Amino acid sequence: MQTLSAGANMNLSRNVSEIIREHVTLEVESIDRMYLNVYQPQLQRDLGVVGFFRYHRGQQFASSVLMAEMTRAFVASIEAFAEAQEIPVVTFQKGQRKDDIAAGYRAKFAKDEGVVFIGKAQEKAAVWRTEKRVHQPSGATYPWQVRSTAMVNHYYLYAQDRDFGPFFIKFCSYFPYNAKLCLNGHEYAKQQLQQKGVEFSPPDNGFLSCPDARRMQRTCDGLSAEKIDQLLRKWLRRLPHPFSKADRQAGWLYDISILQAEFSLTQVLDRPLTGRAFFEEVIHENLDLGNPGQVQLIFNRRVTKRTPGVFARG
């Protein structure tokens, strides 16, 4: 067995499995960040759009004019909501990190639940446009819906939930008003553990220690699709909604699908030197992965703000 000598009274195993077995003080698996599509299934195809306006709303045609009317009403409801609730509205600038702005507002938010602030940004989105077509037998023209893309305003509603912690919903301001829901499984677990009086020590994203690791793991495992769906329904009832109450009662409802999911395995080592031994052995055991012809350091010096050259954030 290979060992790493560290002082007169310390001998660490350099086998990865041995290090994990003997020197991990906390291990927990959890959903980390989830980014979910929120959409009206029937409005993702042209016949569904036609059915919404003609057969549900009783219009002669489905047209961009009718969609624009819905957009004006939806945007007005967001603005009225922000004013009534005294919620800050921020226009994101190009190059700004939204997470940094959100962190600043969340740090000043004292309530256990509510909308922290609303962000506004112009982004590309899939939209429906009206195209004029000709009925060949009669020569008459009629409007038809075609899928396109456009730069339109999106509204980020950053909120704090009593059970889930921080999350946001991003709404496209144009028909069919697709949205995104972003949440964090670690934050969900923290809220649940705090409510149950379970002590834990959290870094920025994850856990550092907990005297009841099994209960923590059960809490992380309890984050289910049903609970995520309940979170969405709860806040769709509270927030400005692009579709009327009559639309929703008629079955025009949002559904959820996974766009991106990140999963975390947290393993806390007992001391920094153990971590060094762990990473050295991981590198050693994987040098021949893929049979590389060359192994080199990416940075062979300390990189600071004053280091010359161009560096991209990973």
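Caption draft 1: Quick peek at the pairing of strand S7 (residues 165–172). The buried fraction of S7 amounts to 7 of the 8 residues, a majority that puts the element mostly inside the structure. Examined bridge by bridge, strand S6 (residues 141–161) and S7 share 8 bridges and lie antiparallel to one another. Across the sheet, Gln-160 pairs through a bridge with Pro-166, a residue of S7. The antiparallel pairing of S6 with S7 creates a hairpin that spans 3 residues between the two strands. Sheet analysis places S7 next to strand S8 (residues 179–184), joined by 4 bridges and oriented antiparallel. Within S8, the position partnered with Lys-170 by the bridge is Lys-180. Between S7 and S8, which pair antiparallel one after the other, the connecting turn spans 6 residues, and Tyr-177 there sits at a positive phi close to 60 degrees.

Caption draft 2: Structural context of helix H6 (residues 213–221). All of the buried residues along H6 are Met-216, Gln-217, Thr-219 and Cys-220. Each buried residue of H6 sits inside an arc of 160 degrees when the element is viewed along its axis, so together they form one side. Turned more than 90 degrees away from the buried face of H6, the exposed residues are Arg-214, Arg-218 and Asp-221. Contacts from the buried residues of H6 go to strand S3 (24–39) and helix H5 (185–195).

Caption draft 3: The packing of aromatic side chains, seen in detail. In total, this model carries 23 aromatic pairs according to the counting rule given. On the basis of an interplanar angle of 85 degrees and a centroid distance of 5.5 Å, the ring pair of Phe-92 and Tyr-156 is categorised as edge-to-face. Of this pair, Phe-92 sits in the loop between strand S4 (89–91) and helix H4 (98–107) while Tyr-156 sits in strand S6, and the two are 64 residues apart along the sequence. Judged by its relative accessible area of 9%, Phe-92 falls in the buried class. The exposure class assigned to Tyr-156 is buried, which follows from its relative accessible area of 5%. These aromatic residues form a ring-pair network of at least three members: Phe-52, Phe-53, Phe-74, Phe-171, Phe-175, Tyr-177, Phe-243, Trp-252 and Tyr-254. Here the guanidinium or amino end of Lys-98 rests over the ring plane of Phe-92, the centre of that ring lying 5.3 Å away.

Rules behind the numbers
Residues numbered from 1 in each chain as written. Predicted model: local features only at pLDDT ≥ 70, side-chain atom pairs only at ≥ 80, totals over all residues. Heavy atoms only, no water. Buried < 20%, exposed > 50% of the residue type's maximum accessible area, 1.4 Å probe, protein only. Helix = DSSP H or I, 4+ residues; strand = E, 2+ residues; numbered from the N terminus. Pairing = 2+ DSSP bridges. Arc of directions from axis to C-beta. Contact = heavy atoms within 4.5 Å. Phe/Tyr/Trp six-rings, centres within 6.5 Å; stacked < 30°, edge-to-face > 60°. Lys NZ or Arg CZ within 6 Å of the ring centre and 35° of its normal.

Read these as layout, nothing more, since geometry by itself doesn't imply function.
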